[in-house]
Amino acid sequence: MSVFTPLARPELETFLASYGLGRLLDFQGIAAGSENTNFFISLEQGEFVLTLVERGPVQEMPFFIELLDVLHDADLPVPYALRTTDGVALRELAGKPALLQPRLAGKHIKQANAQHCAQVGELLAHLHLATRDNMIKRKTDRGLDWMQEEGAKLLSHLDAEPRRLLEAALDEIARQKVGILALPRANIHADLFRDNAMFEGTHLTGLIDFYNACSGPMLYDVAIALNDWCSDDDGVLDGPRARALLGAYAALRPFTAAEAELWPTMLRVACVRFWLSRLIAAESFAGQDVLIHDPMEFQQRLAQRQTVHALLPFAL
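The written sequence of each chain sets the order in which its residues are numbered from 1. In keeping with the model being predicted, local features are shown solely for residues with a pLDDT of at least 70 and side-chain atom pairs are shown and tallied solely at 80 or more, while totals for entire chains, interfaces and linings include all residues. The side-chain quantities take in all heavy atoms of the structure and omit both hydrogens and water.

Undergrad: Explanation requested: the nonpolar core in the structure shown.
TA: One recurring pattern in soluble globular proteins: nonpolar side chains tend to sit buried together. Here, nonpolar core means buried Ala, Val, Leu, Ile, Met, Phe, Trp, Tyr and Cys residues that are tied together by side-chain atoms lying within 4.5 Å of each other. Burial classes: relative accessible area under 20% of the type maximum marks a residue as buried, over 50% as exposed, and values in between as partly exposed (1.4 Å probe, protein chains only). Met147, Phe210, Trp229, Leu245 and Trp263 are the most contacted members of the largest nonpolar core, which has 82 residues in total. Element by element, the count of residues in this core is highest for helix H8 (residues 257-284), at twelve residues. Strands here are runs of E lasting at least two residues and helices are runs of H or I lasting at least four, both read from the DSSP assignment and numbered beginning at the N terminus.

Below you can see the structure in the form of structure tokens.
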């Protein structure tokens, strides 16, 4: 179970009392997290999620709170930070930054269809449009520089074939970095995988886990989502799902010519980011009771993205 910081019931009851939401009925650690500690919290007045932020500096927490407030005010289905009766959103519990948020309806899906993907594309476009003209700046700690630095360190850990694959990707990042950084920007989720979206049937009811959110190229966010939502088990992109996601997105925010040109590169960059983070996690948490996603999944996807057939629609 990925509960890095366990909690005792008395300390949790003391923490929750400040919200005025009634007494604690039950709490349960969430096994799905791979970076932060999360608990489902049942109080007399409803269901909530408590997050202890395990990674990143405390001084960046106001960014996440402000971003979620902006998205909530734009009527997007996101978990916003609840305030205590004294109006405090960001608190500390067990020495970690702590946020209490409403628990959103719905559940994760494992098998996505074109309808799911269209809803993801539409929501992602709304998220970008809500922040594009008044972007809240935050530099990601897992950007292009991080990929180059960590990728170079990991090359010696790989066998010949994956090493060549990663070397080629790092060379491409170096060549295309200036162009990537010049692409249209907004606040981006940067982690819109199937386990971060909630559905009831084919209706998208919630988008969660914004702790990788930052300011960055909107196209990068689209590439991250497409790589997960539209890939089959072998990492090959499914055409109907890809067209559904891209078409729904572009209907609200048309892509530019520069984005269309860099689209194949961006799909590969998005693969590199998660391949590296999973390789690092696999080494760091080896033998521990922590959820570790399979790095091979993104190695396969990067290999498949050497040729890209899912082109961007409506490029201007």
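Undergrad: What is the right way to read helix H2 (residues 61-73) from this model?
TA: Count 3.6 residues to each turn of an α-helix, and residues three or four apart come out pointing the same way. Taking 1.5 Å of rise per residue, the 13 residues of H2 would be expected to cover 18 Å, and the 19 Å separating its terminal C-alpha atoms lies within 8% of that figure. When H2 is considered as a whole, its buried residues turn out to be Met61, Phe63, Phe64, Ile65, Leu67, Leu68, Asp69 and Leu71. It only takes one pair of heavy atoms within 4.5 Å for two residues to be counted as in contact. Contacts from the buried residues of H2 go to strand E5 (96-102), helix H3 (114-131), strand E6 (185-188) and strand E9 (214-217). One or two positions beyond H2, positive phi appears at Asp75, with a value near 65 degrees. Here the expected span of a helix is defined as 1.5 Å times the quantity of residues minus one.

Undergrad: Please clarify how the sheet that holds strand E2 (residues 37-43) should be interpreted in this entry.
TA: Backbone hydrogen bonds are what pair the strands of a sheet, in a parallel or an antiparallel way. The five strands are arranged E1-E2-E3-E5-E4 in an open sheet whose pairing can be described as antiparallel. A strand with exactly one partner marks an edge of an open sheet, and here the two such strands are strand E1 (24-29) and strand E4 (91-93). Across the sheet, the axes of successive neighbouring strands diverge by a mean angle of 35 degrees, strand direction being ignored. Where E1 lies against E2, five bridges are found, and the strand directions are antiparallel. For Leu24, the partnering residue across the bridge sits in E2 and is Leu43. Most of the contacts of helix H1 (residues 9-16) go to E1, to which it runs at about 115 degrees, and overall it touches E1, E2, strand E3 (46-52), E4 and E5. The pairing criterion for strands is at least two bridges between them, as found by DSSP. Working convention: axes come from line fits to C-alpha atoms, limited for helices to the stretch in contact. Angles between N-to-C directions cover 0 to 180 degrees.

Undergrad: Just to check I follow, could you spell out the domain arrangement of the protein for this structure?
TA: Often, the extent of an interface is quoted as the loss of accessible area upon association of its parts. Once the domains are mapped, the protein shows domain 1 (9-102) and domain 2 (114-305). The C-alpha-based centres of domain 1 and domain 2 are spaced at 26 Å. On the domain 2 side, the residues contacting the 25 residues of domain 1 number 22 residues. Two parts lose some accessible area (1.4 Å probe) when they are put together, and adding that loss for both gives the buried area. With both sides pooled, the region where domain 1 packs onto domain 2 buries about 2000 Å², and carbon together with sulfur makes up 66% of that total. Three residues stand out in domain 1 for area buried against domain 2, namely Arg55, Phe63 and Pro77, and they jointly supply 28% of the buried area on that side. Linking Arg138 and Glu60 is a salt bridge whose minimum nitrogen-to-oxygen distance equals 2.6 Å. Domain delimitation follows an automatic or database domain assignment. By definition here, a salt bridge exists when the distance from a side-chain nitrogen of Lys or Arg to a carboxyl oxygen of Asp or Glu is within 4 Å.

Undergrad: Would you mind going over H1 with me for this structure?
TA: When H1 is considered as a whole, its buried residues turn out to be Leu12, Phe15 and Leu16. When H1 is viewed along its axis, its buried side chains cluster within an angular range of 90 degrees and face the same direction. Turned more than 90 degrees away from the buried face of H1, the exposed residues are Pro10 and Thr14. Looking at the buried positions of H1, the neighbouring elements they touch are E1, E2, E3, E4 and E5. The arc in question is formed by the directions pointing from the helix axis toward the C-beta atoms.

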